[in-house]
Amino acid sequence: MQEKSSGKMVRLERYLMALPKAELHVHMEGSIPPSLLLRLAERNRLKLPFSSAAQCRKLYAYSSFKDFSNMLLLGVYCLRRPVDFHDVILAMGEGLVLHNIRYAEITWTPQFYLNRGCALSEILGAMNEARSKLAARFGLEIRWIPDIVRSRPEPASAIAEWAASKESTDAGVVALGLGGPETGYPAGNFASQFSYARQCGLPANPHAGEGAGAASIWQTIEQLNPVRIGHGVSAIDDQELVAHLVRDALPLEVCPTSNVRLGVCKSYASHPLKRLIDAGCVVTINTDDPVLFQTSLTNEYAVAIRECGLGPDDIKAAILNALRVSYLPDFEKIRMTGSFTATFEELDSRFLK
Ligand SMILES: [Zn+2]
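Thresholds, definitions, all that
Residues numbered from 1 in each chain as written. Predicted model: local features only at pLDDT ≥ 70, side-chain atom pairs only at ≥ 80, totals over all residues. Heavy atoms only, no water. Helix = DSSP H or I, 4+ residues; strand = E, 2+ residues; numbered from the N terminus. Polar contact = N/O pair within 3.5 Å; in protein donor to acceptor, adjacent residues only side chain to side chain. Disulfide = S-S within 2.5 Å. Buried < 20%, exposed > 50% of the residue type's maximum accessible area, 1.4 Å probe, protein only. Axes fitted to C-alpha atoms, helices over the stretch in contact; angles between N-to-C directions. Parallel < 35°, antiparallel > 145°, perpendicular 65-115°, else oblique. Contact = heavy atoms within 4.5 Å. Nonpolar A, V, L, I, M, F, W, Y, C, P; charged D, E, K, R; others polar. Pairing = 2+ DSSP bridges. Right-handed = clockwise from strand over helix to strand, strands pointing away. Donors = N, O, S within 2.8 Å, 3.2 Å for Na, K, Ca; no water. Tetrahedral: all angles 85-135°; square planar, octahedral: opposite > 155°, others 65-115°. Left-handed = near helix turned anticlockwise from the far one by under 90°.

Caption draft 1: Focus on the environment of threonine 343. In this fold, threonine 343 is placed in helix 16 (residues 330-352). Placed 310 residues apart in sequence, threonine 343 and proline 33 show a C-alpha to C-alpha distance of 30 Å. Among the polar contacts listed, one links the side chain of threonine 343 to the backbone oxygen of serine 339, at a separation of 2.9 Å.

Set out below in structure tokens:
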């Protein structure tokens, strides 16, 4: 009996792996494989607190947000020259392709790199070289979401102006993000930067309702007029807010493993993913920081089914939601949705019937 159910699980995981996917919430800084981190440190003559990929992976067993943040900053520390960014995007893209991700919107934090001795546009240029290679080799489409950090407000205007410039939007920048600690750093502090970006045609795509409660989501909605919300899981505590999200079809980028690992939710079983879907919210499923949380989009779908109570139809709906609420032009959305739906049908009859 047990053998039969584990065989069924393996089949389900193969199915989830094979599904064509789109990911909207994944950070470059949380996606640097340990072997590449070591290579970057060596060529930039930097010291790391580990000397092998295996030792590095042991440090991913965080017990606090601070430990997580320190590991993320180690990646930032190793990114020195444009070629480093190129190599990270190439490695990251190869990781996405392994999971059949066909489209990704990658968040990164330009203000970490303002003192690297090269212009942001040079960095973005190197990232775009990798993006072109990934498109040519694997058909992977990528767009960029530079973000502002809530706790470091002083370069925010410069970042917003750079992100909203024609040069940046021509180079694949599709939205302006907002990350960092929510408590004590309200979204309203950045209303003018997001208003400027919106006037230039660049939509707001902030994190909210991850490290703080529903009030932080309300404030973010009122002050920044977002097109999507990163996380937003604390909305579940406020039924009026859930009704608002449903009425406005304001999409949430839900990242289950990230929430469990950082203590936003106690367990997968208590995660609000299914309750948000059942309430009618537009939900997408994402990894946030796949290397730092030792996860993948396939794994997020697997835990969503195994532990959060979702079924394969919920997963397919979340994938199509991701395409629909992406920043792709409409003709691309239609093309990819058609191709994904045809592949879903073929995979359903191969694995689920
Ligand atoms: Zn995030």
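Caption draft 2: Expanded view of the state of the cysteines. As enumerated under the stated definition, the model contains zero disulfides in all. Unpaired in this structure, cysteine 118 has its nearest cysteine sulfur neighbour in cysteine 78, at a distance of 15 Å. On the basis of relative accessibility, which here comes to 12%, the residue cysteine 118 falls in the buried class.

Caption draft 3: Focus on the packing of helix 2 (residues 34-43) against helix 5 (residues 82-98). Between helix 2 and helix 5, whose axes approach to 11 Å, the crossing angle comes to 170 degrees. On the basis of their axis angle, the class for helix 2 and helix 5 is roughly antiparallel. For the pair formed by helix 2 and helix 5, the contact residues are Leu36, Leu40 and Arg43 on the first element and Val83, Asp84, Asp87, Val88 and Ala91 on the second. Taken together, the residues that form the contact of helix 2 with helix 5 break down as five nonpolar, no polar and three charged.

Caption draft 4: View of the pairing of strand 2 (residues 101-108). Most of strand 2 is tucked away, with seven of its eight residues classed as buried. As paired elements, strand 1 (residues 21-27) and strand 2 share five bridges and run parallel to each other. Within the sheet, the bridge partner assigned to lysine 21 lies in strand 2 and is isoleucine 101. Read as a crossover between parallel neighbours, the route from strand 2 over helix 6 (residues 120-138) to strand 3 (residues 141-149) is right-handed.

Caption draft 5: Here's a closer look at the coordination of the zinc ion. Only His25 (NE2), His27 (NE2), His207 (NE2) and Asp288 (OD) from the protein coordinate the zinc ion, and they sit 2.1 to 2.2 Å from it. With four donor atoms in place around the zinc ion and angles of 82 to 168 degrees between them, the coordination shape is irregular. Within one chain, the residues serving as donors to the zinc ion are arranged as H-x1-H-x179-H-x80-D. Linking histidine 25 in strand 1 with histidine 207 in strand 5 (residues 204-208), this pair joins segments that are 182 residues apart in sequence. Histidine 25 sits in the buried class, given a relative accessible area of 2%.

Caption draft 6: Local environment of the environment of glycine 75. Note that glycine 75 resides in helix 4 (residues 65-78). Owing to a relative accessible area of 3%, glycine 75 belongs among the buried residues under this scheme. Taking C-alpha positions, glycine 75 is 22 Å from valine 260, a pair spaced 185 residues apart along the chain. For glycine 75, the residues in contact, after removing those within four places along its chain, are Ile32 and Leu37.

Caption draft 7: Structural context of the packing of helix 2 against helix 4. Where helix 2 meets helix 4, the axes come as close as 9 Å, and the angle between the chain directions of the two elements is 45 degrees. Of the possible angle classes, the one that applies to helix 2 and helix 4 is oblique. In this structure, helix 2 meets helix 4 at a crossing whose hand is left-handed. Residues Leu37, Leu40 and Ala41 of helix 2 touch helix 4, and the partners they reach there are Leu74, Gly75 and Cys78. Split into classes, the residues belonging to the contact of helix 2 with helix 4 amount to five nonpolar, one polar and no charged.

Caption draft 8: Representation of the sheet that holds strand 6 (residues 229-231). In space, the eight strands of this open sheet follow the order 1-2-3-4-5-6-7-8, with parallel pairing throughout. Only two strands of the sheet have a single partner each, and these edge strands are strand 1 and strand 8 (283-285). Between one strand and the next, the sheet's axes are offset by a mean angle of 25 degrees, whatever the strand orientation. Bridge analysis of strand 4 (residues 176-179) against strand 5 gives three bridges, and the strand direction is parallel. Note that in strand 5 the partner of glycine 177 across the bridge is asparagine 205. Helix 7 (residues 156-164) contacts strand 2, strand 3 and strand 4 of the sheet and is inclined by roughly 160 degrees relative to strand 3.

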